[in-house]
Amino acid sequence: MLKIRFFRTGKQHQPYFKIVVTDKDNPPRGGNFKAEVGNYNPRSKDVELDEEKVEHWLEEGAQPSGRVHNLLVEEGIIDGEKEAVHAAGEPEEEEVEEEESQEETEEAETEEEEEQEANEEEVEDEEDEEKSEEQEEDQEK
């Protein structure tokens, strides 16, 4: 299966990407790719694409990676919506367990707050009763 993906070039802290067509199983190391279809400079947001080549490879069955897909949508080469590339995959078991423990902690805190509010209301009611009793005694005098 063919993929249209980024191939990083450039210096350290100065990224520059070639957009290349390569086999999914073989990353494009050292210029080992089928075709170069464009360039992308993330620092200046410059995009250079050969639309004919991109369309040709898409017709041949090449699938764009998530970020390349979003770039092609921005440039109007393909129709559709952008993909959420940062949320790929399912959370690991540890993350799920942490979320469950956080929910349990939040529930416990909520219960404690409700108990405190109930206790405060009881104290206020008792104080109100004492005041009303004192007022009644004052009125009787």
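All of the points below concern the structure found in this document.

Criteria and cut-off values
Residues numbered from 1 in each chain as written. Predicted model: local features only at pLDDT ≥ 70, side-chain atom pairs only at ≥ 80, totals over all residues. Heavy atoms only, no water. Helix = DSSP H or I, 4+ residues; strand = E, 2+ residues; numbered from the N terminus. Contact = heavy atoms within 4.5 Å. Areas by Shrake-Rupley, 256 points an atom, 1.4 Å probe, with all protein chains shown as cover. Buried < 20%, exposed > 50% of the residue type's maximum accessible area, 1.4 Å probe, protein only. Pairing = 2+ DSSP bridges. Salt bridge = Lys/Arg side-chain N within 4 Å of Asp/Glu carboxyl O.

Along its length, the protein carries three helices and five strands. If you list the helices and strands of the protein from N to C, you get β-β-β-β-α-β-α-α. Looking at the protein alone, contacts between residues at least 24 apart form 30% of all its contacts between residues at least 6 apart. With an accessible surface of roughly 11,400 Å², the protein has 38% of that area assigned to carbon and sulfur atoms.

This part takes up helix α2 (residues 66–75). Within the sequence span of α2, burial applies to Val68, His69, Asn70, Leu71, Leu72 and Val73. In this structure, the buried side of α2 is in contact with β1 (2–11), β2 (14–23), β3 (35–41), β4 (46–49), α1 (51–59) and β5 (63–64). Gly76 sits one or two residues past α2 and shows a positive phi near 80°.

Summarising the sheet, β1 and β2 pair through 10 bridges and their orientation is antiparallel. Bridged to Arg8 within β2 is Phe17. Where β1 hands over to β2, the hairpin turn is made up of two residues, of which His13 adopts a positive phi near 65°. Pairing analysis gives two bridges linking β1 to β5, with the strands arranged parallel. Bridging across to β5, Ile4 finds its partner in Pro64.

So, on to the environment of Phe6. Its place among the elements puts Phe6 in strand β1. Considering only alpha carbons, one finds Phe6 and Glu36, 30 residues apart in sequence, at a separation of 9.9 Å. In contact with Phe6, not counting residues within four places along its chain, are Phe17, Lys18, Ile19, Pro28, Tyr40, Arg67, Val68 and Leu71.

Before going further, it helps to examine the environment of Leu2. Position of Leu2 relative to the elements: it lies in strand β1. The spatial distance from the C-alpha of Leu2 to the C-alpha of Asp23 is 4.5 Å, given a sequence separation of 21 residues. Ignoring anything within four residues of it in the chain, the contact list for Leu2 reads Val21, Thr22, Asp23, Lys34, Trp57, Gly61, Ala62 and Gln63.

The subject of this paragraph is the pattern of salt bridges. Under the definition given, this model contains two salt bridges. For Glu36, the salt bridge identified is with Lys18, shortest N-O distance 4.0 Å. A residue pair is termed long-range when its members are at least 10 positions apart, and Glu36 in strand β3 and Lys18 in strand β2 qualify at 18 residues. The class of Lys18 is partly exposed, set by a relative accessible area of 25%. Residue Lys82 pairs with Glu74 through a salt bridge whose shortest N-O separation is 2.7 Å. The class of Lys82 is partly exposed, set by a relative accessible area of 48%.

The analysis is restricted to geometry; functional conclusions fall outside its scope.
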